[in-house]
Amino acid sequence: MNETDAQATRPHTGRRRNEAAHRAILDAALHLLAESDGTPVTIDAIARAAGVGKQTVYRWWPSKGAVLLDALTDRADQDVTDHPDTGALRTDLRAFIGTTFDAAQQSTTASALRTLVREAARDPHLAELMQAFTATRRDALHELLARGRERGELADHADLDLIVDQIYGVFWYRFLLGHGPLDPTVAERLADTLVAGNDQPGAQAVRRR
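Residues numbered from 1 in each chain as written. Predicted model: local features only at pLDDT ≥ 70, side-chain atom pairs only at ≥ 80, totals over all residues. Heavy atoms only, no water.

Caption draft 1: Geometry of the overall build of the protein. On a plain count of helices and strands, the protein comes out with 11 helices and zero strands. The order of α-helices and β-strands along the protein, N terminus first, is α-α-α-α-α-α-α-α-α-α-α. Split into buried and exposed, the 209 residues of the protein put 38% on the buried side. Counted over contacts in the protein with a minimum sequence separation of 6, partners at least 24 positions apart contribute 68%. When the accessible surface of the protein is totalled, it reaches about 11900 Å², and 50% of it is carbon and sulfur. (Helix = DSSP H or I, 4+ residues; strand = E, 2+ residues; numbered from the N terminus. Buried < 20%, exposed > 50% of the residue type's maximum accessible area, 1.4 Å probe, protein only. Contact = heavy atoms within 4.5 Å. Areas by Shrake-Rupley, 256 points an atom, 1.4 Å probe, with all protein chains shown as cover.)

In structure tokens:
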């Protein structure tokens, strides 16, 4: 076998090493966020925990905040795999809210998210990244509501942005302050209340017949 043939048949491990390092960094960042108890997480700490050099971290992320947010986004994408589209707004909304509540309360995710919010309060760049992160979740919810309005399940004049704020307002208030539970019962009641309160005029009367 000549050198060219050997190169063609030799397994290419560089990509696998990169993927393994990338995954190790995300896992380390999430773990440190969850265990930090309010102590700022540093690039040095992330690199040490992942078993890589700082320059390896900076190869993929421009700042500490970007690493931390990417780690949380990665976990959120694992916990919330898809967006419901059953053809019924009430059912979709119950599922979306319930999944959001449940995913944020997974032990590692909950601790990491609370720490990230605290860090964002003193890091303007991270605060901007947090806004981008929450915007993607808001957009998905807004799209779900828009589908319901197009089907006539919400009034034409229903303020979708306000409904999104109401849903996430309940979530953040209870998540950060512990004011009340974030459980399936609350998710169902919140969805039902918002759909009923923004219904097409006369729609409830038609459904009761």
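Caption draft 2: Structural context of the pattern of salt bridges. This model, assessed by the stated rule, comprises 11 salt bridges. Among the salt bridges present, the one from Asp 44 reaches Lys 54, with a minimum N-O distance of 3.5 Å. Of this pair, Asp 44 sits in helix α3 (residues 43-50) while Lys 54 is found in helix α4 (residues 54-60), placing the two residues 10 residues apart along the sequence. The partly exposed category is assigned to Lys 54, whose relative accessible area is 38%. Between Glu 143 and Arg 147 there is a salt bridge whose closest N-O contact spans 3.7 Å. A residue pair is termed a helical-turn pair when its members lie 3 or 4 positions apart in one helix, as Glu 143 and Arg 147 do in helix α8 (residues 124-150) at four residues. Salt bridges linked by common partners bring Arg 90, Arg 94, Glu 188 and Asp 192 together as one network. (Salt bridge = Lys/Arg side-chain N within 4 Å of Asp/Glu carboxyl O.)

Caption draft 3: Highlighting the environment of Thr 115. By the element assignment, Thr 115 lies in helix α7 (residues 107-120). With 78 residues separating them in the primary sequence, Thr 115 and Asp 37 have C-alpha atoms 7.1 Å apart. Only 3.0 Å separates the side chain of Thr 115 from the backbone oxygen of Ser 111, close enough to count as a polar contact. (Polar contact = N/O pair within 3.5 Å; in protein donor to acceptor, adjacent residues only side chain to side chain.)

Nothing here speaks to function; it is geometry throughout.
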